[in-house]
Amino acid sequence: MKKIISIIIASILVCSLAVSLVGCGHEHSFVKVDAEEKTCYENGNTEYYTCSCGLYFSEPNENAQIEKDSWVILAGHEPIRQEAKEPSCAVGNIEYYDCLCGKKFLDANAQNEIVDNSWQIPATGEHDYKKESYRQEENKIYKITSCSCGAEQKQEFSGYTLVNPSNANDVINTAREGVFVLGDGDYGITTSLGVYGEEFGDITLIGTEGVFIRRITLDKSLFSNVTIKGFSFDGISNGQDGVRVMVEMGKLTIESCEFLVESCIRGDEGNITSLFVKDSYFHQADYNNQGQFSPIYVPRLVDEVEIVGNTFINCRFNAIQLGGVMTATVLIESNVIDGTRSRAFRFVSVMATMIIRNNTISNVQNLDMAYIDEVGSFGAILFDGNTYNGEAWNPGDVPAESTEVFVLRDIDND
Ligand SMILES: [Zn+2]
Ligand SMILES: [Zn+2]
Ligand SMILES: [Zn+2]
């Protein structure tokens, strides 16, 4: 009898064990435990569910059973890399890793904490006077060079003709050569250079800080060397702002200008022999002409091209588009291109020597880094020292004798 009772009790035990294992009869009552972010010092967890039977689930479903503690996200720092910076008037720093909690580390895994100020490099006190502009005070013009901290160097400028909004076109078109400073004032839509049938000598146009201007047009005449500097082109989007060349001309130099307009340097209605664009700033340009897009849009260049030290921010399409550079030597150097919807570069009908070096490119959105079409018989192209999103981007050989060459983003962004 005792033996029979033992067997019955054992059977009941086995049965109840079986019930909880296979779920026969017990319906789990899922209790949700909210997800909790981890911090530098405390563990977090993913969302999970418990039941009074002692089992755990990733979702309220009997088939989603998980191991205890599989939801734990371990505490830990998440340091972000900070690039090294040379000291100037401001302190510099070595490369280090910065965590939101305020701790600094030498490494990405937060193994070597920096407990003192050794990540900083003391300021040298030397300003970096880089940005150039021109200022009118009373009837004097000063050349200003400024540091990003706001410090300025000021030097009286001489050897120019001062013009104003009411006489600028007449004075310049009558003289047809010389250095002209556009004094403070609203120059409206266009300052137009050119007189039918006349040739211009060397012209330099300088914009002062108080100038409001939308466009400078070179038209009607034959121009040799034109230099445009210190202007901030500002205006509504009408696709026709900035510097517009509508005739044949020699050398066009754009220096220390700021373009807050759609079309910045447009040469498709004319013919520019040599183009130099330096230390200028292009912001959100999105000029569109028959499917060609670029703040610098010059489809016919012959001799020499330098695009150096410029900044291109959020260009809607290509940042630099050049075409017809048949015999030109092209140098594209030390530019910052941050954000384009299409490409950093687009070249059409290229048979020249091109040097593309030390450019810092980031956030090219949809297409390729560079696009070269109608190559013809290619001269030479050299990529060197360029970075894309902080990593080296220097594609090797660009295939020649091809009608369509894509230089793809060859960066592995993880
Ligand atoms: Zn249960
Ligand atoms: Zn931390
Ligand atoms: Zn400074």
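Residues numbered from 1 in each chain as written. Chains lettered and ligands numbered in written order. Predicted model: local features only at pLDDT ≥ 70, side-chain atom pairs only at ≥ 80, totals over all residues.

Section: the overall build of the protein chain
Looking only at helices and strands, the protein chain has two helices and 46 strands in total. Within the protein chain, buried positions represent 28% of all 414 residues. Taking the contacts inside the protein chain whose residues are at least 6 apart along the sequence as the reference set, 58% of them involve residues at least 24 apart. (Helix = DSSP H or I, 4+ residues; strand = E, 2+ residues; numbered from the N terminus. Buried ≥ 20, exposed ≤ 12 C-beta atoms within 10 Å, placed from the backbone. Contact = placed C-beta atoms within 7 Å.)

So, the sheet that holds strand S20 (residues 203–207)
Taken together, the 10 strands give an open sheet; going across it, the order is S16-S17-S20-S23-S26-S29-S34-S37-S40-S43, and neighbouring strands pair in parallel fashion. Each edge of the open sheet carries a strand with a single partner, namely strand S16 (161–163) and strand S43 (380–384). Mean inter-strand twist for the sheet, computed between neighbouring axes without regard to direction, equals 15°. Relative to S43, strand S40 (residues 353–357) runs parallel, the two sharing five bridges. Within the sheet, the bridge partner assigned to Met354 lies in S43 and is Ile381. (Pairing = 2+ DSSP bridges. Axes fitted to C-alpha atoms, helices over the stretch in contact; angles between N-to-C directions.)

Some details on the sheet that holds strand S44 (residues 387–388)
Overall, mixed pairing links the eight strands, which are arranged S24-S27-S30-S35-S38-S41-S44-S45 in an open sheet. Taken across any chain shown, the strands that pair with only one partner, and hence form the sheet edges, are strand S24 (232–234) and strand S45 (391–392). Where strand S30 (residues 281–283) meets strand S35 (residues 311–315), three bridges bridge the pair, whose relative direction is parallel. Bridge pairing in S35 places His283 opposite Ile313.

Let's talk about the environment of Ala344
Tracing the sequence through the fold places Ala344 in the loop between strand S38 (336–340) and strand S39 (345–348). Residues contacting Ala344, with those up to four places away along its chain left out, are Ala319, Ile337, Ile361, Val364, Met369 and Ala370.

Remarks on the environment of Cys40
Mapped onto the elements of the fold, Cys40 is located in the loop between strand S1 (31–33) and strand S2 (44–45). Take Cys40: there are 15 C-beta atoms within 10 Å of it, and that puts it in the partly exposed class. Between the alpha carbons of Cys40 and Lys103 there is a distance of 9.9 Å; along the sequence they are 63 residues apart. Ignoring any residue separated from it by four or fewer positions in sequence, one finds Cys40 in contact with Ala75, Gly76, His77, Cys99 and Cys101.

With respect to the confidence of the model for the protein chain
In the predicted model, the protein chain carries a mean pLDDT of 83, and 83% of its residues have values of at least 70. Throughout residues 7–23 the model reports pLDDT below 50, and contacts reaching past four residues in sequence, or to other chains, amount to six contacts. Contacts from residues 410–414, a stretch scored under 50 in pLDDT, to residues over four places away or in other chains number seven contacts. (pLDDT = per-residue confidence, 0-100.)

Quick notes on the pairing of strand S25 (residues 242–245)
Of the strand pairs in this sheet, strand S22 (residues 215–218) and S25 are connected by four bridges, and their pairing is parallel. In the sheet register, Leu218 faces S25, and the bridge partner there is Val245. Sheet topology note: the S25/strand S28 (residues 265–266) ladder contains two bridges and is parallel. Residue pairing across strands places Val243 opposite Ile265, the latter belonging to S28.

Topic: unusual backbone geometry
Here the phi dihedral of Ser256 falls at roughly 50°; this positive angle occurs in a residue that is not glycine. With respect to the element layout, Ser256 can be found in the loop between strand S26 (248–255) and strand S27 (258–260). On the neighbour-count criterion, Ser256 (22 C-beta atoms within 10 Å) is buried. Phi is positive for Asn363, close to 55°, though the residue is something other than glycine. With respect to the helices and strands, Asn363 occurs in strand S41 (residues 360–364). Judged by the 14 C-beta atoms lying within 10 Å of it, Asn363 is partly exposed.

With respect to the environment of Asn167
Among the secondary structure elements, Asn167 is positioned in the loop between S16 and helix H2 (168–175). A sequence separation of 15 residues divides Asn167 from Leu182, and the C-alpha atoms of the two residues are 9.9 Å apart.

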